[in-house]
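Residue strings, one per chain:
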Amino acid sequence: MTDWIEKLRPRRHPLTLAGLVALFLLGFALRLHRLGDKNVRWDEGLAIWAARQSILDINRWTSADVYPPLYFWLLHGWRPFSGDTEFGLRYLSVLIGLLTIAAVYLLGKAVNGRLTGLLAALLLALSRFDIAWSQEMRMYGLAALLGTLALWAAIRVWDRGLWLD
């Protein structure tokens, strides 16, 4: 192959991949542990109520309140698949928490290489604060994910000097 095609091919390292899989499994287990055991609190009940509304009604309600609509839209779309159980509705936040672990890995890797990315992902996977966010029907985990991805994208743009890559 030509040299420029080799540069485009992503380099995979078996230890990095095994470490990431182990971190995701650990993060998944910690976020899933006793997921449906807690009672629904007021804020979570509000999220369930909002998810039962139509998209138009969610837009009307959030436009007159302090809550951004994106999490409620996602929960509205998630509800037909998960049902109305505490476990099923909170599972969306678990998935968002797992995506945040992946995003933190990408951010750490962009800042200082694979080892930094793995260490950052490990710390987030074990973070009690992030585990709690990943077990609530609230938009906090989604805000963490989007903030992490925004920082990662900004670093990529800064490092490459390009707006699109």
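Up top is the structure.
Let me sum up the structure you'll find in this document.

Basis of the calculations
Residues numbered from 1 in each chain as written. Predicted model: local features only at pLDDT ≥ 70, side-chain atom pairs only at ≥ 80, totals over all residues. Heavy atoms only, no water. Helix = DSSP H or I, 4+ residues; strand = E, 2+ residues; numbered from the N terminus. Buried < 20%, exposed > 50% of the residue type's maximum accessible area, 1.4 Å probe, protein only. Contact = heavy atoms within 4.5 Å. Axes fitted to C-alpha atoms, helices over the stretch in contact; angles between N-to-C directions. Parallel < 35°, antiparallel > 145°, perpendicular 65-115°, else oblique. Left-handed = near helix turned anticlockwise from the far one by under 90°. Nonpolar A, V, L, I, M, F, W, Y, C, P; charged D, E, K, R; others polar. Salt bridge = Lys/Arg side-chain N within 4 Å of Asp/Glu carboxyl O.

## Some points on the overall build of the chain
Here's step 1: Of the regular secondary structure elements, the chain holds nine helices and zero strands.
Here's step 2: Mapped from its N terminus to its C terminus, the chain presents α and β elements in the order α-α-α-α-α-α-α-α-α.
Here's step 3: The dimensions of the chain, computed from C-alpha atoms along their principal axes, are 55 × 35 × 25 Å.
Here's step 4: Burial status across the chain gives 33% buried among its 165 residues.
Here's step 5: Restricting to contacts in the chain with at least 6 residues of sequence separation, those with at least 24 account for 67%.

## Remarks on the packing of helix H3 (residues 42-51) against helix H5 (residues 70-82)
Here's step 1: The N-to-C vectors of H3 and H5 enclose an angle of 70°; their axes lie 8 Å apart at closest approach. In terms of axis orientation, H3 runs roughly perpendicular to H5. Between H3 and H5 lies a crossing whose hand is right-handed. For the pair formed by H3 and H5, the contact residues are Ala47, Ala50 and Ala51 on the first element and Phe72, Leu75, His76 and Arg79 on the second.
Here's step 2: For the contact of H3 with H5, the residue count by class is five nonpolar, one polar and one charged.

## Remarks on the side chain of Arg138
Here's step 1: Among the secondary structure elements, Arg138 is positioned in the loop between helix H8 (128-133) and helix H9 (140-160).
Here's step 2: Leave out the neighbours within four places in its chain, and Arg138 touches Asp43, Glu44, Tyr67, Tyr71, Phe72 and Ser93.

## Topic: the environment of Tyr67
Here's step 1: You can see Tyr67 is positioned in the loop between helix H4 (55-63) and H5.
Here's step 2: Residues Tyr67 and Met139 lie 72 residues apart in sequence; the distance between their C-alpha atoms is 8.8 Å.
Here's step 3: Ignoring anything within four residues of it in the chain, the contact list for Tyr67 reads Asp43, Leu46, Trp61, Thr62, Phe72 and Arg138.

## Quick word on the pattern of salt bridges
Here's step 1: Enumeration according to the criterion identifies eight salt bridges in this entry.
Here's step 2: Here Arg138 makes a salt bridge to Asp43, at a shortest N to O gap of 4.0 Å. One end of the pair, Arg138, is in the loop between H8 and H9; the other, Asp43, is in helix H3, with 95 residues separating them in the sequence.
Here's step 3: For Arg138, a relative accessible area of 3% translates into the label buried.
Here's step 4: Between Asp84 and Arg79 there is a salt bridge, and its shortest N-O distance comes to 2.7 Å.
Here's step 5: The structure contains a network of salt bridges with shared partners spanning Arg52, Arg79 and Asp84.

By themselves, these observations are geometric and do not establish any function.
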